[in-house]
Amino acid sequence: MSKDAEQGEAIMAQTRSSQEDEKPIQPMDLLKRLLRYMGAIPWVTLGAIGTGCGVALLYFYFRSIDFVPADISAILSASLFVALLATAFYLYTVVSLLLPLWAYREAGLDDQNEVLRPSSLWALQVAGTGAFLLFVGYQMWRDCKPSAEYLVIPGTILLLVGGAGWLWYDRKRAGHQHPWWRRQLSALNVCFFGTFPFLALFSFLYPTQGADWGHLGVFVAVWLLVVLGSSTLFHKMPLWGCVLLVMVVTPLFMVSIPGVLGRASHLPAFVAEMAGIRATQVNELRVPANTCELIQGALGTAMSVTPVTCNEGGGWGTVHALVLSNLGDRWLIELPLAGSQPQGRNGAIRITIPDEGVHTVRQIAAPPAEEKAAGCRT
């Protein structure tokens, strides 16, 4: 082969390689590179994902209250903490929903021969929840707290129904593996773990503010669905299958059920309450004189449910308000209005105030005295 021919082939090879290098990068190639980089530094990746999820939750929360803090750095600094709290609550809910089933199977109460009849897990969960409500209601009745009967009556009914159901199933089940006394001890253990789904669902589905009978009805319906589902479906599935099912269904419940109640932003608000960004109730705020005058001026002729007290000679003022956001250099507070006012929004007015000099005052209840009042039970 001549020298010219060799040079021609070399030039053609270089041309082909340059053409290959100039090919546009495919999206899948970019995704593979990104996954490769993420695998090389997992902690940084988890931090970035957590920060992104936290920013998304805070964005939906601030969008629901029509307010965005001007201090973006404060949002970024709180986003990772918010994401960790949301993940922790999600894991707590998943574990709580699975604990009764795990305890039921560990106790050997799940009779695999009963294919046509559902297990007695539902009865033990109902009995355990009834006993818990009865205990809390008794404590309220003993301390002369109002509305104790709203817990005592349903707790008694649930305890009787669940206890009767467990005794009926235990009597009908053939081929007992354990003696009677051991089965009852195992049943009490399952009753204890059966309260965890009730507590987990109640903490999320029954909001601290604006709750009504509709929220209570939806909560009871979801709880009954979880109890019956764990008895009719989960006892036929392996435990790992139950874990996967609960991990997939739980986020759907968290997002869809509040939307049915007309509170689609409940999950971000709930996480904001856990993070301390939003208050759970109206608090007493001590504010400087200029801030107090700002609040009075914003109210105008409207009347707040709780008075706004400002000292004419300066000094500290007292305001009772709900803190919706305490991130950044400005807080967003909400004051409930008395009656229907044109300035209000759903019976309240929202004001942004500078965070400088704002203090929250909380009264801590004294421990109960040994001697009860004359009208209370001992």
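So, here is what we can say about the structure in this document. A quick note: this is a predicted structure, and the numbers were derived from the prediction, not measured.

Quick notes on the rules
Within each chain, residues carry numbers counting from 1 in the order of the written sequence. Local features in this predicted model are restricted to residues whose pLDDT is 70 or higher, and side-chain atom pairs enter the listing and the counts only when it is 80 or higher, whereas totals over whole chains, interfaces and linings include all residues. Note that the side-chain values use all heavy atoms of the structure and ignore hydrogens as well as water. Helix numbers and strand numbers start at the N terminus; a helix is a DSSP run of H or I with at least 4 residues, a strand a run of E with at least 2. For every residue, the accessible area obtained with a 1.4 Å probe (protein chains only) is divided by the maximum for its type, and the residue is called buried under 20%, exposed over 50%, and partly exposed between those limits. Contacts are assigned to residue pairs that have any heavy atoms within 4.5 Å of one another. Note on areas: Shrake-Rupley with a 1.4 Å probe; residue coverage comes only from the protein chains shown. Two cysteine sulfurs form what is called a disulfide whenever their separation falls within 2.5 Å. Throughout this description, the term nonpolar core refers to a set of buried Ala, Val, Leu, Ile, Met, Phe, Trp, Tyr and Cys residues connected via side-chain atoms within 4.5 Å. Between any two strands, at least two bridges found by DSSP are needed for them to pair. Axis lines are fitted to C-alpha atoms, over the contacting stretch for helices. Their N-to-C directions set the angle, which ranges from 0 to 180 degrees. Whether two aromatic rings pair depends on their centres lying within 6.5 Å, for rings of Phe, Tyr and Trp, where Trp uses its six-membered ring; planes under 30 degrees apart make the pair stacked, over 60 edge-to-face, and the rest tilted. A 3.5 Å cut-off defines polar contacts: any pair of N or O atoms within that distance qualifies, except that in protein one atom must be a possible hydrogen donor and the other a possible acceptor, and neighbouring residues in sequence count only when both atoms are side-chain atoms.

A few words now on the overall build of the chain. Looking only at helices and strands, the chain has 12 helices and 5 strands in total. Taking all 378 residues of the chain together, 35% fall into the buried category. Within the chain, counting contacts between residues at least 6 apart in sequence, those at least 24 apart form 71% of the total. Looking at the chain as shown, the accessible area adds up to about 22,600 Å², and 64% of this sits on carbon and sulfur atoms.

What follows deals with the state of the cysteines. Working definition of a disulfide: a covalent bond connecting the sulfur atoms of two cysteines. All told, the structure shown has 1 disulfide when counted by the stated rule. Paired through a disulfide, Cys292 and Cys310 show a sulfur-sulfur distance of 1.7 Å. Between Cys292 and Cys310, the disulfide has an S-S torsion of -90° and is therefore left-handed. With Cys292 in helix α12 (residues 289–299) and Cys310 in the loop between α12 and β2 (317–325), the pair connects residues that are 18 residues apart, well separated along the chain. You'll find Cys292 and Cys310 in the same group, each marked buried.

Core analysis: the largest hydrophobic core is formed by 74 residues, its most contacted members being Ile333 and Leu335. Ranked by residue count, the leading element in this core is helix α4 (residues 72–106), at 12 residues. Those residues in contact with Ile333 that lie beyond four places of it in its chain are Leu285, Ile295, Ala321, Leu322, Val323, Leu324, Ile349, Arg350, Ile351 and Ile353.

In this section: the sheet that holds strand β1 (residues 283–287). One open sheet accounts for 5 strands, arranged β4-β3-β2-β1-β5; its pairing is antiparallel. On the outer flanks of this sheet lie β4 (348–354) and β5 (359–361), each paired with one strand and no other. Across this sheet, the average inter-strand angle for adjacent strands is 50°, counted without regard to direction. For β1 and β2, the ladder comprises 5 bridges, and the chain directions are antiparallel. Each bridged residue has a counterpart across the sheet, and for Leu285 the counterpart in β2 is Val319.

Our focus in this paragraph is the packing of aromatic side chains. Applying the stated criterion to the full structure yields 16 aromatic pairs. Between the aromatic rings of Phe192 and Phe193, the centroid separation amounts to 5.3 Å while the plane-to-plane angle is 75°, which identifies the pairing as edge-to-face. Grouping aromatic residues by their ring pairs yields a cluster made of Trp102, Phe192, Phe193 and Phe196.

This part covers the side chain of Ser230. Within the element layout of this structure, Ser230 appears in helix α9 (residues 213–232). For Ser230, a relative accessible area of 5% gives the class buried. There is a polar contact of 2.7 Å between the side chain of Ser230 and the backbone oxygen of Val227.

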